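Residue-level structural notes
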Amino acid sequence: MWRRAATAALALGAGAGGAAIAYSDDPSATLKICAHLPPRLLRDAATAATIAFDYQYSLLGLDPGTPAWLSAKHDAHLRSANRLQELCFRNGGIYIKLGQHIAQLEYVVPEEYVQTMRASMLKRCPVSSYEQVCQVFGKDMGESPETVFAEFDPVPLASASLAQVHAARTHDGQKVAVKVQHDHLTDTSVIDIATVGLIVNTLHYIFPTFDYRWLVDEIRESAPKELDFLNEAKNSEKCVQNFRRLSPHIAGSIYVPKVYWTLSSSRILTMEFMDAKEVTDVKGIKELGIRPVDVSNLVSKAFSEMIFKHGFVHCDPHAANMMIRPLPQDSRKTFGWRRPQLILLDHGLYKELDYATRISYASLWKALVFSDEKSIKENSVKLGAGEDLHALFAGVLTMRPWKSVIDPAVDHLVLDGSSTDRSELQMYASLYFPQISELLRRLPRVILLMLKTNDCLRSVNHALVGGSSMESFVIIGRISSEAVLEAKRMSSRSILNKLMIWLEEILLEARFFSLRLLLCFMQLKKLLAC
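Note that this is a predicted model, so its numbers are computed, not measured.

Further remarks concern the pairing of strand 3 (residues 163-169). Residues in a regular strand project their side chains so that they alternate between the two faces of the sheet. The buried count for strand 3 comes to five of seven residues, which makes it a mostly enclosed element. Of the strand pairs in this sheet, strand 1 (residues 151-152) and strand 3 are connected by two bridges, and their pairing is antiparallel. What sits directly across from Glu151, in strand 3, is Arg169. Bridge count for strand 2 (residues 158-159) against strand 3 is two bridges, and the pairing is antiparallel. Looking across to strand 3, one finds that Ala158 is bridged to Val165. As consecutive antiparallel partners, strand 2 and strand 3 are separated by three residues. One ladder, built from seven bridges, connects strand 3 with strand 4 (residues 175-181); its direction is antiparallel. Paired with Ala167 across the bridge in strand 4 is Ala177. Following strand 3, the chain reverses through five residues before pairing antiparallel with strand 4; Gly173 in that reversal takes a positive phi of roughly 95 degrees.

Bringing the sheet that holds strand 12 (residues 340-344) into the picture now. Strand pairing within a sheet occurs via backbone hydrogen bonds; the two strands may be parallel or antiparallel. Reading across the sheet, the four strands line up as 5-12-9-7 and stay open at both edges, with mixed pairing between neighbours. Each edge of the open sheet is held by one strand with a lone partner, namely strand 5 (254-255) and strand 7 (277-278). Sheet topology places strand 5 next to strand 12; two bridges connect them, and they run parallel. For Tyr255, the partnering residue across the bridge sits in strand 12 and is Ile343.

In this fold, His77 is placed in helix 3 (residues 67-91). Within the structure, His77 has its side chain in polar contact with the side chain of Tyr55 (distance 2.6 Å). Contact partners of His77, with chain neighbours within four places excluded, come to Tyr55, Pro110, Glu112 and Tyr113.

What follows covers unusual backbone geometry. Of note in this structure, Ser371 is not a glycine but carries a positive phi near 55 degrees. Residue placement: Ser371 occurs in the loop between helix 13 (355-369) and helix 14 (373-382). In the Ramachandran plot, Met399 falls in the positive-phi region, its phi being about 65 degrees despite a non-glycine side chain. Turning to its location among the elements, Met399 is positioned in the loop between helix 15 (390-398) and helix 16 (402-405).

Reading the values: rules and limits
Residues numbered from 1 in each chain as written. Predicted model: local features only at pLDDT ≥ 70, side-chain atom pairs only at ≥ 80, totals over all residues. Heavy atoms only, no water. Buried < 20%, exposed > 50% of the residue type's maximum accessible area, 1.4 Å probe, protein only. Helix = DSSP H or I, 4+ residues; strand = E, 2+ residues; numbered from the N terminus. Pairing = 2+ DSSP bridges. Polar contact = N/O pair within 3.5 Å; in protein donor to acceptor, adjacent residues only side chain to side chain. Contact = heavy atoms within 4.5 Å.

Written out as structure tokens, the structure reads:
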């Protein structure tokens, strides 16, 4: 019976695959998809089953919360993370993107998964052969890279999950960076998303508290946009326009590489070549005469402006997507240090915050900076966390326990990056894992992307200044407060309301002035202690 059922299923699958190939506009691409599907499904099913069995068997008979249970759970997390990592590398494509998402969700998914993915996903990305690069050029441009460009280096400068970058020179002598999508990724991504969904749904079925279906939904929505390089180019130009229009005071400190539209397509993006340092290259940044703390502050300003004022946010700000150089044609120096310019790369993943969400999120961060418990709860509820999980939401956003979030001390949100801080946070993440899963289920996906963005920025700041600085929170508090005040001004009609807003603005300025004084005092005290 089982043999006949298997034979019938195999015949049905082969017949469906043959029909799909015969009636396809691109039989070779369809054949490749059909060839990729069975081994992917087999690997996915085997990995999902192994992970599920491992958790069930490892925790069998152990009382939750006991040292033995915690130790067994840690070991199961670690083994499962390694299995998932291996699956991502073997399947490639969207799976690498999934691993990168997980690597940037610190304390939202178990630490073992984050650390395992973070150690490899940004460095061990697939590399397309030069023959495959030529195939992409042939389909999109109708010519080889050597014809399109005067010079084209066949060895990529870098490779990421979806594409790799080559150095080239245009026929008029301009040095450019050419981003080329991995061959057939557009076709196989549909299969990848479906099979990733299989793993996550299987694990959720077995473990109801493990609900990361939102992550699959997010990849399903964002992948087609990230695979369209013309959409990425449009995002980069919109980003620049927003800074010039809405944040002119720092627009000169933000740079986006010029796009060569006539040398670009949906799978090939030709951009200005940037000679700059990676944002977390502390040694290289210092060699340029730039202070790392100034870079940290600029990153905080740029993304606070995007999130709280523009509502159009670069949601993949990991270290490889940001570069630093001295501000061009700038002779000003502060105590001998030069001012930085932030270069933003990879504009494939952007999210738009609608007006109500943007203002509620700004109000929440303002409340977090000023330890306003009532406003934290009110705006957390508006964003979907609910009255029962508002404290957890605040903790996930700030990486601080609730008692620290509402502490009136000026440095209550500062993380020094010490092992004590990390172990405390990991304990909370492990202890409240089911509640975190429930919180993620409730929050709008755009806010989930803000959590990912926060984690990326936190990681960058940690590399630059060894933790999170009080100054970065002052910056966040100021820009979020400005956005809230602007919203009040727009909705205000009466003279009395306008007067109240004016008084609130004066009080805020006084408050920020006192914070600046305290900050200067703390920095002076730190210098004297050295």
